[in-house]
Every structure is written in C-alpha cells, then in structure tokens.
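As a plain string of letters, each chain reads:
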Amino acid sequence: MSRSWSRTSVAIAGAVAALAALTACGGATGDAAGGDGEPVNITYWGWTKGTQQTVDAFNAAHDDIQVTYEEIPSGGAGGYAKISNAVKAGNAPDLVSIEYPSLPEFVSQGALQDITRYVGDDLKKKLLPQAVELTTLGGKNWAVPFDAAPQTYYYRKDFFAKHKIKVPRTWADFKAAAAAARKADPTARIGTFFPDDPTTFEAMVWQAGGQWFATQGDAWKVDTTDPATKKVTAYWQSLLDDGLVNSATSFSPGWTHALKKGDTVGYLGASWGAGVLKSLVPDQSGKWAAAPMPTWDGKPAGGMLGGSTWAVTKDSDQAAAAVKFATWMSTSPDAVKARLSSGESSAYPAAESLRPVAEKAFDTRFYGGQDVYDVFDGAAAAIGRNWTWGPTGGTTNSALKDAFGKAADGDGTLAGAVRTAQEATVKELRKRGLKAAGR
C-alpha cells in the first residue's frame, strides 16, 4: 500500500471522526448465536446480482443464523433513499449494501454501526488493502468489503474485426476508433456518456489522477475542477460535440435497445459489467470481449467504478450475526460459487484468495472463452491509491446528474457541471456544520 494512500485515508478518517461525531449513534451489538438453541434471524437488503442464490446457500449451510433477504433498487436508483428512510423510522434491516462512494455519508449521518470489534486483522489481511482503507473511517471499521470494481472496456470484437478497428489503448486511440466506427456505420458508437451516472465519470477522473476530496487541517478541501478533471471534461465534451459517443441513461430501455440493434458496440464499465452484458444481450454470445480501459499515456491506470460493502445499521441488535454473514459472503469460496452460479454476476472479490474461485465459476462462453478475470486482475492492480470519498457524496452526485443531463442535451457544458457540483458540495458541507475549504 502506498504511503500517499495511507496518509490520505488517515487524514480523511480523522476528519470524519472529529467533525461528524461518528460514534454518537452506535446501536446494540448482540452475539451471533441465540441462547435458546434457536437460530438468530437477521434481515438483509441489497441488489447485487446473485445475492438470492448466495443467501440460499448460506441458509442451507448454517443452523445458527438464518437470513431473510429483500431485493431493493440499486443505491442511486432509490435503494439509498429506502435505507435512509428506514433508518429514520427505526425499522431498518440488520445488514445493507452500501457502495464505497456512499459509505462516508451514511457513517457521518449516524446511520451505521461501528463494527470494529468484529473485524479483526485476520479478516483484513484477506482483503484488498484499498477496500479496507475505504471502509475504515475515524480509525473504526464501518463495513465488510465485498468486491473491488476495476474499470474495464467491453467491445464487439466482431464489429472491430470486420472494420479493422484497433482496440484502443489510449484515450486518443479511443477517439480515433470512435470516428472510424461511425464512418464504417453511421449509427455505430463505441461508447456512451451516461448523464445519469456520475460514478462512471468519477472513475475516469480517478484514473486521470484527480482527487476531489482531501483534508486541510480540520476542514474538508473540495476540488471537483482540478487539472485532471478539466482534462477529462474537455475530452468527453469533445466526444459529445462531435457526435462520437451516445448519450443515454445507463441500462435504460433505450440503451439496451441500442445494444441489441448493434448501434452500441462498446461499453466503458467495470468488472461487474461482464455479467450485466451477458444478461442483457444473451443472443450476442461469442461476439464480445473485454479489454483494459484506455489510459492517457498507454500505461496501466484505473479507478474503481462502484464496488459494494456490507454495513450494519445503527439499531440492529444482531451485529455479530450480521457481520458473520457478511464475512461469509465476502470470504467463502461457497459464497462466490453460489453468487456466480446465477450467470449474471461477474463480481471481482476484494478477498484476493477468492479470485481464482470466481474465475473458475464464471462462464466465459459469452466472451468466446476469454479469461476476463485476467483482464480484471491487471485493472485492479492499476487502481490509483490517492482517491478518497467525502461525506456528501449524495449531494455531489445529484448536482452532477442534473447538470450532466442538461449538458448532454446541449444546455451547458460538462465543465460547468463540475463547477456546479463543487458549489453544491461546499454548501452542503457547511450546512451540516463541517468546515469546508473551497468555493
């Protein structure tokens, strides 16, 4: 683990602890087994692919704990609002899915429980160091990491081969390939700018070396307009202006229709996207391939696009049982096998020892037998270690989503959108009583 990553994480953790009173709302922490011989029953809300199969496998193999699972919308599609409302009403489940970018906000709002006593060094040593750092705030553990989500580029290898288009290694190559694809077929696009999904944009800024959140003394320093971000916004603005990429809501009927028609022949996603594509266009089996994400200089570099953790809500009185279940989901070979048996999941485990298990369990026929996990391995190793998330991710992303939508329609620019996000983020931090250095 790089020293810069460690210093930044410690600084952020200290700021969160000092400014947000993280331990003020901790709930009860019950034991994992009931005292009457009956199993402990816990409830879990989430949305990651293959979760029902994973829960079923756990329940079949355990007598001491039984899990009731409810599938909810993904976080940005309403799942986080549902969790927040349940916490406020006092009827939240024991365990919830929280993506890394959103964890600091839930922690700072007192929605989650400190689970440090259940997260020992033996568990931490099994997990990707970046994942452990992203779930450690104020020197305390707030979630069990599940997966990493290294950036990955998926492309229609039949289209690229037919039109003699090289798979792009750099972003300059990507723009040239986009132009070549449109020339070969006026309706074809090798990528999409998702105006509703700021996390994809943020991952590209992360890859470029940007750093939106840091600490300056006891204040948050926010800069969504740093040089790396300006480079990324200018690049994508040029792609939009030149009509070289689509602009569609992520995973919408319109975007899916474009995939099925062959108008969209490339997808800038993450490791979990391999399973998504399989489920969306199964009739295109054998036509797709995975490649490293293009970079600015052709050298490996990347960000993390999403990635999930399991967190215990503040009022749960079954924290020990919930963490035991979460740990099993994150570190058990049986859990990975069950999840990937769904055929829809291509999760890349944060537990490094489970990656060969995932690789073996994932059906690669859709990708013509390609070892996509080999691509994920290289992408994960290239994830930059200077990026951290702030405690107002919801506000930042809402501002970006609104402004990106307008910019994609020609009303404003991407550069203007990130300036709007800067202002909204600083305002929200100050509204919550936190010090913010920025404008």
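Above this text is the structure in question.
So, a few notes on the structure that sits alongside this text. (Residues numbered from 1 in each chain as written. Predicted model: local features only at pLDDT ≥ 70, side-chain atom pairs only at ≥ 80, totals over all residues. Heavy atoms only, no water.)

**Looking at unusual backbone geometry**
Argument step 1. Phi is positive for Lys164, which is not a glycine, with a value near 55°.
Argument step 2. Tracing the sequence through the fold places Lys164 in the loop between helix H7 (157–162) and helix H8 (171–184).
Argument step 3. Backbone geometry places Phe251, a non-glycine residue, at a positive phi of 60°.
Argument step 4. Along the chain, Phe251 turns up in the loop between strand E12 (246–247) and helix H11 (253–261). (Helix = DSSP H or I, 4+ residues; strand = E, 2+ residues; numbered from the N terminus.)

**Comments concerning the pairing of strand E3 (residues 95–99)**
Argument step 1. The element E3 is extensively covered by neighbouring structure, given that four of its five residues are classed as buried.
Argument step 2. Inspection of the sheet shows strand E1 (residues 40–46) paired to E3 by two bridges, in the parallel sense. Bridge pairing in E3 links Trp45 to Val96. (Buried < 20%, exposed > 50% of the residue type's maximum accessible area, 1.4 Å probe, protein only. Pairing = 2+ DSSP bridges.)

**Focus: helix H3 (residues 79–89)**
Argument step 1. Every buried residue of H3 is accounted for by Gly79, Tyr80, Ile83, Ser84, Ala86 and Val87. Buried positions in H3, seen along its axis, are confined to an arc of 165° and lie on one side of it. Across H3 from its buried face, at more than 90 degrees, point the exposed residues Lys88 and Ala89.
Argument step 2. Next to the buried residues of H3 lie E1, E3 and helix H4 (103–108).
Argument step 3. One or two residues past the end of H3 sits Gly90, with phi positive at roughly 80°. (Arc of directions from axis to C-beta. Contact = heavy atoms within 4.5 Å.)

**A short note on the nonpolar core**
Soluble globular proteins tend to bury their nonpolar side chains together.
Argument step 1. Membership of the largest hydrophobic core comes to 116 residues, with the highest contact counts inside it found for Phe174 and Trp236.
Argument step 2. Among the elements that take part in this core, helix H13 (residues 319–331) stands out by supplying eight residues, more than any other.
Argument step 3. Beyond its immediate chain neighbours, meaning those up to four positions away, Trp236 contacts Trp171, Phe174, Thr192, Phe193, Met204, Val245, Leu268 and Leu414. (Core = buried A, V, L, I, M, F, W, Y, C linked by side-chain atoms within 4.5 Å.)

**Thoughts on the packing of aromatic side chains**
Argument step 1. Throughout the structure, instances matching the rule amount to 43 aromatic pairs.
Argument step 2. For the ring pair Phe193 and Trp236, a centre distance of 6.1 Å and an interplane angle of 40° mean the geometry is tilted. Of this pair, Phe193 sits in strand E9 (residues 192–193) while Trp236 is found in helix H10 (residues 227–241), placing the two residues 43 residues apart along the sequence.
Argument step 3. Here Lys231 stacks its cationic end above the ring of Trp296, 4.7 Å away from the centre of that ring. (Phe/Tyr/Trp six-rings, centres within 6.5 Å; stacked < 30°, edge-to-face > 60°. Lys NZ or Arg CZ within 6 Å of the ring centre and 35° of its normal.)

**Overview of the pattern of salt bridges**
Argument step 1. One pass over the full model with this rule turns up eleven salt bridges.
Argument step 2. In this structure, the salt-bridge partner of Asp218 is Lys435, at a minimum N-O distance of 2.7 Å. Residue Asp218 is located in the loop between strand E10 (213–216) and strand E11 (219–222), and its partner Lys435 is located in the loop between helix H18 (414–431) and strand E17 (436–437); the two are separated by 217 residues in the primary sequence.
Argument step 3. A relative accessible area of 41% places Asp218 in the partly exposed class.
Argument step 4. Ionic contacts of the salt-bridge type, sharing partners, join the residues Glu105, Glu428 and Arg432 into one network. (Salt bridge = Lys/Arg side-chain N within 4 Å of Asp/Glu carboxyl O.)

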